[in-house]
Amino acid sequence: LGVSLFANQMRFDKLGYKIDLANTEAFFSAEAEDSIPRSNFDDLGNAMIVVFQVLSGENWNTVMYDSIRAAGLGTGAAYFIAMIMLGSMIVLE
């Protein structure tokens, strides 16, 4: 689910604003490539590592803030609340 919601959306400019895919020159620039956070949902492998990172509680808030900046408050917050609630239920049972 994280891949379908956040894939290739975590590209930010120098000021921290999201770079839109419609602006192809800025989206595929070297600056945009360097601004991709280490924890992202661009492919399945990274997404699985990020889900493990969030469920283990290690630096999950940075991933959440990057996801909210990329997809908006409603989508990002709803995804992380659901992931933490459902993931902790599964891990604790």
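To be clear, the structure that these remarks concern was listed above.
If you're wondering where the values come from, they're calculated on a predicted model, not measured in any experiment.

Rules behind the numbers
- Residues numbered from 1 in each chain as written.
- Predicted model: local features only at pLDDT ≥ 70, side-chain atom pairs only at ≥ 80, totals over all residues.
- Heavy atoms only, no water.
- Helix = DSSP H or I, 4+ residues; strand = E, 2+ residues; numbered from the N terminus.
- Expected span 1.5 Å × (residues − 1).
- Buried < 20%, exposed > 50% of the residue type's maximum accessible area, 1.4 Å probe, protein only.
- Arc of directions from axis to C-beta.
- Contact = heavy atoms within 4.5 Å.
- Salt bridge = Lys/Arg side-chain N within 4 Å of Asp/Glu carboxyl O.
- Phe/Tyr/Trp six-rings, centres within 6.5 Å; stacked < 30°, edge-to-face > 60°.
- Lys NZ or Arg CZ within 6 Å of the ring centre and 35° of its normal.
- Patch = residues over 30% accessible without salt bridge, like charges linked within 9 Å, V, L, I, M, F, W, Y side chains within 5 Å.
- Areas by Shrake-Rupley, 256 points an atom, 1.4 Å probe, with all protein chains shown as cover.

Colleague: Would you mind showing me how to read helix 6 (residues 73-92) here?
Modeller: Quick reminder: α-helices carry 3.6 residues per turn. Residues three or four places apart thus point the same way. Taking 1.5 Å of rise per residue, the 20 residues of helix 6 would be expected to cover 28 Å, and the 28 Å separating its terminal C-alpha atoms lies within 8% of that figure. What helix 6 keeps buried is the set G76, Y79, F80, M83 and G87. One side of helix 6 carries all its buried residues, which in axial view fall inside an arc of 90 degrees. More than 90 degrees from the buried face of helix 6, the exposed residues found are L73, G74, I81, M85, L86 and L92. Looking at the packing, one finds that the buried side of helix 6 touches helix 1 (2-6), helix 4 (44-56) and helix 5 (60-71).

Colleague: Any chance you could explain the pattern of salt bridges here in plain terms?
Modeller: For side chains bearing opposite charge, pairing can occur when the charged atoms are close. Per the counting criterion, the structure on display carries two salt bridges. Note that E33 is salt-bridged to R11, the shortest N-O span being 2.7 Å. In this pair, E33 sits in helix 3 (residues 30-34) while R11 sits in the loop between helix 1 and helix 2 (24-27), placing the two residues 22 residues apart along the sequence. E33 sits in the partly exposed class, given a relative accessible area of 39%.

Colleague: How should the environment of Y17 be read in this particular structure?
Modeller: Within the secondary structure layout, Y17 lies in the loop between helix 1 and helix 2. C-alpha separation for the pair Y17 and R69, spaced 52 residues apart in sequence, amounts to 7.4 Å. Leaving out residues up to four positions away in the same chain, Y17 has contacts with R11 and F12.

Colleague: For this particular structure, what's the right way to read the packing of aromatic side chains?
Modeller: Under the defined criterion, the tally for this structure stands at five aromatic pairs. On the numbers, 5.3 Å between centres and 75 degrees between planes, the contact of F6 with Y79 is edge-to-face. One end of the pair, F6, is in helix 1; the other, Y79, is in helix 6, and 73 residues separate them in sequence. With centroids separated by 5.1 Å and ring planes inclined at 85 degrees, the aromatic side chains of F27 and F28 adopt a geometry described as edge-to-face. When its relative accessible area of 54% is taken as the criterion, F28 is described as exposed. Three or more aromatic residues link up through ring pairs in this structure, and these residues are F6, F41, Y79 and F80. Against the face of F27 rests R11, its NZ or CZ located 4.4 Å from the ring centre.

Colleague: Can you help me understand a nonpolar patch on the surface in this one?
Modeller: Residues V3, L44 and M48 make up a contiguous nonpolar surface patch of roughly 300 Å² in combined accessible area. The topology assignment puts V3 in helix 1.

Read these as layout, nothing more, since geometry by itself doesn't imply function.
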